[in-house]
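Breakdown of the fold
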Protein chains: 2
Amino acid sequence: MIRVVLAEDQAMVRGALAALLSMEPDLEVVGETGRGDDVVSLARERQADIVLLDIEMPGLDGLQAATKVHAELPGCRAIILTTFGRPGYLQRAMAAGATGFLLKDAPASDLAAAIRRVAAGGVVVDPALAAQALSEGLSPLTARECEVLKAAAGGASIADLARSLHLSEGTVRNHLSSAIQKLGVRNRTEAVQVAEAKGWLSPAPSGRAPAGGTMGPGERGTADP
Amino acid sequence: MIRVVLAEDQAMVRGALAALLSMEPDLEVVGETGRGDDVVSLARERQADIVLLDIEMPGLDGLQAATKVHAELPGCRAIILTTFGRPGYLQRAMAAGATGFLLKDAPASDLAAAIRRVAAGGVVVDPALAAQALSEGLSPLTARECEVLKAAAGGASIADLARSLHLSEGTVRNHLSSAIQKLGVRNRTEAVQVAEAKGWLSPAPSGRAPAGGTMGPGERGTADP
DNA sequence: TTTCGGGCATGACAGACGTCATACCCGGAC
DNA sequence: GTCCGGGTATGACGTCTGTCATGCCCGAAA
């Protein structure tokens, strides 16, 4: 009997997936949650073999949750189940230690099959998406450029961005300009769309967490002119 | 026995919903499709009592499909099942003759309950969303403003928009400026986001189809200066 | 019939945006 | 130890964007 925990933020979809899996005699849904931040405790408590993770979730996204599951629960495998076939998502899922990556576009029958294969020690990835992810390579954006782009996605002005990121307006302009050139587009709006489509935006793109920053904002040589 | 047709573009979600409904003794899923444009024929052929429609679908969106179901199949009721609780969606769903409007955020048990209530002649709407929709009123955007905004969503420049819409650049600027002011925002990016969040963007917002336009683009008094 | 709202256009203007050259500071690579 | 990439900053420049005033054409409402 394979023990499965479901993490998916849309309650109706979560319930429907549970119903789908309950029809399989060798699978058992032993836990459900709509948040990413209690996946680990739930999976541990219920001794799950498999956790099925959506990416968009409150609390902690599915990729981060997969990282924690991989680190803290040795006997438990994570499968990402997502709406978006973005190359960057697949890359980060694999980097996070996920053992499977499934699209909601796939036939319903694939789900149980994927769970069984992963439970048996295999890996499940869509070959076409894998090829695309490999051919496109990693994000060319630096962590900072990515941050600025993310902050710009809401339509904020340069001045707004400078305030919210504690940077000078010129620096914001520089990062945006750099991102725009790297992505081969003509303005920040296109840059946001391209980066989003490739899955290069959501969480931290690369490098470790930018906790405090290497240097306080403002205190530097010629600051405060 | 209530006969249900499912229209939802994500195959896995569709299958999962079918599994969910198959557990109800008084419901029967008699047809499934991932496209909006064969909902009517499928529902007619299978003599459905209820069609469950996602909004985002290829071919024909759920709102348009609901319109056709309402017009062509007197004995059949449409329920919209969507991810987004956008006021404009609810308004258009009701205008399209839908008899129910459900969010995928709602508990799984609500689905069967909603189907039963609608089959029994009732109407199912989330009261909070209905209140919001009523309080916000209809879209303040004219059909043209909406079109321009939609076209601008991809990050195109004014010149691009003018070309693709067969308008002068000045006119495009005027429409954008007007939309920006009506929505109370500061630039086109924010305007797109606000309009999208309220559900004012997707299909035709109001008025009839802008087939040829009232006047050819360019042929007018002082055209071609 | 006159009025009014909507679509379209033009021209002018201020402010926002994107680019570029330049410079300093840091840390890692060679 | 030097070089180089990344982050930050400044100033200058040209272009794009958003606003406004103004005008014309149309159809519907008053």
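Structural notes, computed from the coordinates. (Residues numbered from 1 in each chain as written. Chains lettered and ligands numbered in written order. Predicted model: local features only at pLDDT ≥ 70, side-chain atom pairs only at ≥ 80, totals over all residues. Heavy atoms only, no water.)

What about the pairing of strand β3 (residues 50-53) of chain B?
Residue and element names in this part refer to chain B. Across the two faces of β3 the burial is the same, with I50 and L52 and V51 and L53 all buried. Relative to β3, strand β1 (residues 2-7) is paired through four bridges, and the arrangement is parallel. If you follow L6 over to β3, its bridge partner there is L52. When β3 meets strand β4 (residues 77-82), the two strands line up parallel, connected through four bridges. (Buried < 20%, exposed > 50% of the residue type's maximum accessible area, 1.4 Å probe, protein only. Helix = DSSP H or I, 4+ residues; strand = E, 2+ residues; numbered from the N terminus. Pairing = 2+ DSSP bridges.)

Concerning the side chain of R86 of chain A
Residues and elements named next belong to chain A. Examined against the element boundaries, R86 turns out to sit in the loop between β4 (77-82) and α4 (87-95). We note that R86 is buried and unpaired, the nearest opposite charge coming from E56 at a distance of 5.1 Å. Only 3.2 Å separates the side chain of R86 from the backbone oxygen of E196, close enough to count as a polar contact. (Lys, Arg positive; Asp, Glu negative; His and termini not counted. Salt bridge = Lys/Arg side-chain N within 4 Å of Asp/Glu carboxyl O. Polar contact = N/O pair within 3.5 Å; in protein donor to acceptor, adjacent residues only side chain to side chain.)

Concerning the pattern of salt bridges
Considering all chains together, one arrives at 26 salt bridges over all chains under this definition. For R14 of chain A, the salt bridge is made with E32 of chain A, and the minimal N-O distance between the two is 3.5 Å. Here R14 of chain A, found in helix α1 (residues 11-22), pairs with E32 of chain A, found in strand β2 (residues 27-33); they are 18 residues apart in sequence, far enough to count as distant. Looking at R14 of chain A, the relative accessible area reads 16%, which means it is buried. On the accessibility criterion, E32 of chain A (40% relative accessible area) is partly exposed. A salt bridge links R186 of chain A to E190 of chain A; the nearest nitrogen and oxygen atoms lie 3.2 Å apart. What makes R186 of chain A exposed here is its relative accessible area of 54%. A single salt-bridge network, built from bridges that share partners, covers D160 and R163 of chain A together with R186 and E190 of chain B.

What to know about the pairing of strand β1 (residues 2-7) of chain A
All names here are of chain A. Burial of β1 is extensive: five of the six residues sit out of reach of the surface. The pairing of β1 with β2 spans six bridges and is parallel. Opposite L6, over in β2, you have E32 as the bridge partner. Considered for its hand, the β-α-β crossover made up of β1, α1 and β2 is right-handed. (Right-handed = clockwise from strand over helix to strand, strands pointing away.)

Regarding the relation of the copies chain A and chain B
Superposing chain A onto chain B takes a rotation of 180 degrees combined with a translation of 0.0 Å along the rotation axis, leaving an RMSD of 0.2 Å. Look at the turn and shift together and you get a two-fold axis relating the two. Of every C-alpha in chain A, the one belonging to A16 of chain A sits nearest the axis of rotation, 2.4 Å from it. The residues that chain A uses at the interface reappear at the interface of chain B in 100% of cases, marking a shared surface. (Least-squares fit on C-alpha atoms with pLDDT ≥ 70 in both. Contact = heavy atoms within 4.5 Å.)

Quick word on the protein's contact with DNA strand C
Not every one of the 20 residues close to DNA strand C is listed here, only the nearest: S177 and R188 of chain A together with T142, R144 and S168 of chain B. What you see for DNA strand C is that sugar and phosphate hold 70% of its atoms within 4 Å of the protein. In the model, a phosphate oxygen of DNA strand C is placed 3.0 Å from a nitrogen or oxygen of the Q181 of chain A side chain. In this structure, R144 of chain B approaches DNA strand C through a side-chain N or O atom, which is 2.8 Å from a phosphate oxygen. At the level of secondary structure, the elements contributing two or more residues to the surface near DNA strand C comprise α9 (169-183) of chain A together with α7 (143-152) and α9 (169-183) of chain B. With five residues, α9 of chain B is the largest single contributor of residues to the surface near DNA strand C. Classifying every residue of the surface near DNA strand C gives four nonpolar, 11 polar and five charged. (Near = heavy atom within 4 Å. Nonpolar A, V, L, I, M, F, W, Y, C, P; charged D, E, K, R; others polar.)

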